[in-house]
Amino acid sequence: MTEQERSGDRIAKLLARAGVASRREVERMIADRRVAIDGKVVETPATLLEHLRGVTVDGKPVAKPEPTRLFAFHKPTGLIVAERDPAGRPTIYDALRNALPRSAPRVMPIGRLDFNTEGLLLLTNDGGFKRLLELPANAVERTYRARAHGEVTQGQLEALIEGITIDGVHYGRIDANLERRTGANQWIELTITEGKNREVRRVLEHLGLKVNRLVRTAFGPVALGDLPRGQAVEIQKHEIGKFRSSVKKARG
């Protein structure tokens, strides 16, 4: 059967769902000619398949998709959320080797945290679940605590509930509250739903503040709590089901 005659889902989607890698990474694998079907190298990530029988990555058969698993990791500052860094900086996977249980499958981060941002990072082996939580249209809430130098009023923060446009980029609803002051610094709690690149830092800098510490404290119903820095914990299966259902219900 030729690629044109196939039906089903894109191979990149199926491999991501099987926990091989994120869709973007799978596409890179295909470009590097690392993926094959019945021994024939896959030429495009748009190849359609109904199953993964006969599919190999680096010559090894792809296992059947495992049940969805979800882990909460307390990311320290100074780690890149990527498999590798061209500049040679340490990545989350360097830390996860010791943080995850031995039974953990290969996991992918859900969203990202900047090099200098710490706090809750969710990781899963299920590419479909990862995408469900990352899609801006699904509006999964992410909560941060920011320590910033400078002056800001509660009124300025409350105005962010209507969203804000900065340098042509629009940031949607932001629920922000001034928690407390410590000297020249302010502690601010912010809840966002889009998770655009450096969103919290850019919005606060637009208000004249300089962020000197940023911690993600929650992602959807999962809270960082007292999870020690650099450690990971598995989220129970029934909690994953409730999480998935709440996103689908909110989406309508």
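Whatever comes next refers back to the structure up there.
This write-up is about the structure you can find in this document.

The rules behind each value
Numbers given to residues run from 1 along each chain, matching the order in which its sequence is written. Only residues with pLDDT of at least 70 get local features here, since the model is predicted, and only at 80 or more are side-chain atom pairs given and counted; chain-wide, interface and lining totals rely on the full set of residues. Side-chain measures were taken over the full set of non-hydrogen atoms in the model, leaving aside hydrogen atoms and water. In this analysis a 1.4 Å probe is tested at points of a 1 Å grid over the protein atoms alone, and where it fits but cannot get out there is a cavity; an open set with protein on both sides within 12 Å along at least five of seven lines is a pocket; lining residues have an atom within 4 Å of a point. Grid points are joined across faces, edges and corners, and a volume is the space filled by probe spheres set on the points. Think of it this way: any DSSP run of H or I at least four residues long counts as a helix, any run of E at least two long counts as a strand, and we number them from the N terminus. Think of it as three bins: nonpolar holds Ala, Val, Leu, Ile, Met, Phe, Trp, Tyr, Cys and Pro, charged holds Asp, Glu, Lys and Arg, and polar takes everything else, Gly as well. Only when DSSP finds a minimum of two bridges between them are two strands counted as paired. For Phe, Tyr and Trp, where Trp contributes only its six-membered ring, two rings pair if their centres lie within 6.5 Å, and the inter-plane angle classes them as stacked under 30 degrees, edge-to-face over 60, or tilted in between. Here the term buried applies to any residue with accessible area under 20% of the maximum for its type, exposed to any over 50%, and partly exposed to those in between, with areas from a 1.4 Å probe on protein chains only. Each ring is checked for a lysine NZ or an arginine CZ that lies within 6 Å of its centre and within 35 degrees of its normal; such an atom marks a charge sitting over the ring. Only buried Ala, Val, Leu, Ile, Met, Phe, Trp, Tyr and Cys residues count toward a nonpolar core, and they belong to the same one when joined by side-chain atoms within 4.5 Å. Contacts were defined at the residue level, with two residues in contact if any of their heavy atoms lie within 4.5 Å.

## Observations concerning the layout of surface pockets
It is the rolling of a water-molecule-sized probe over the atoms that shows where space remains empty. Taken as a whole, the largest pocket holds about 1,400 Å³ of empty space. In terms of lining residues, the largest pocket is bounded by 49 residues, among which Arg24, Gly111, Arg112, Lys130 and Glu134 are the most central. At the level of secondary structure, the elements contributing two or more residues to the lining of the largest pocket comprise helix 1 (11–17), helix 2 (23–31), strand 8 (108–110), helix 4 (127–134), strand 10 (142–149), helix 6 (199–206) and strand 15 (210–219). When grouped by side-chain class, the residues that make up the lining of the largest pocket number 18 nonpolar, eight polar and 23 charged. By volume, the second largest pocket is sized at about 340 Å³. In this structure, the second largest pocket is lined by 18 residues; those nearest its centre are Ala18, Gly19, Val20, Val62 and Arg106. Elements supplying a minimum of two residues to the lining of the second largest pocket: helix 2 and strand 6 (60–61).

## Observations regarding the sheet that holds strand 2 (residues 35–37)
Spatially, 3-2-5-6 is the arrangement adopted by the four strands of the open sheet, whose pairing is antiparallel. In this open sheet, the two edge strands, each paired with only one partner strand, are strand 3 (40–41) and strand 6. Of the pairings in the sheet, the one linking strand 2 to strand 3 comprises two bridges and is antiparallel in character. Across the sheet, Ile37 pairs through a bridge with Lys40, a residue of strand 3.

## A short note on the packing of aromatic side chains
As enumerated under the stated definition, the model contains one aromatic pair in all. When the ring of Phe129 is compared with that of Phe243, the centres are 5.9 Å apart and the planes differ by 85 degrees; the resulting orientation is edge-to-face. Here the residue Phe129 occupies a position in helix 4, and Phe243 occupies one in helix 7 (residues 237–251), the gap between them amounting to 114 residues. Accessibility assignment for this pair places Phe129 and Phe243 in one class, buried. The ring of Phe115 is capped by Arg89, whose NZ or CZ atom sits 5.0 Å from the centre of that ring. One residue, Arg145, lies across the ring of Trp187, its end atom 4.3 Å from the ring centre.

## What about the nonpolar core?
Residues Phe73, Ile92 and Leu204 are the most contacted members of the largest nonpolar core, which totals 36 residues. Elements represented by at least two residues in this core include exactly strand 7 (70–75), helix 3 (92–99), strand 9 (118–124), strand 10, strand 11 (164–166), strand 14 (185–192), helix 6 and strand 15. Element by element, the count of residues in this core is highest for helix 3, at four residues. Setting aside residues up to four positions removed in sequence, Ile92 forms contacts with Phe73, Lys75, Leu79, Ile80, Val81, Ala82, Pro109, Leu121 and Leu123.

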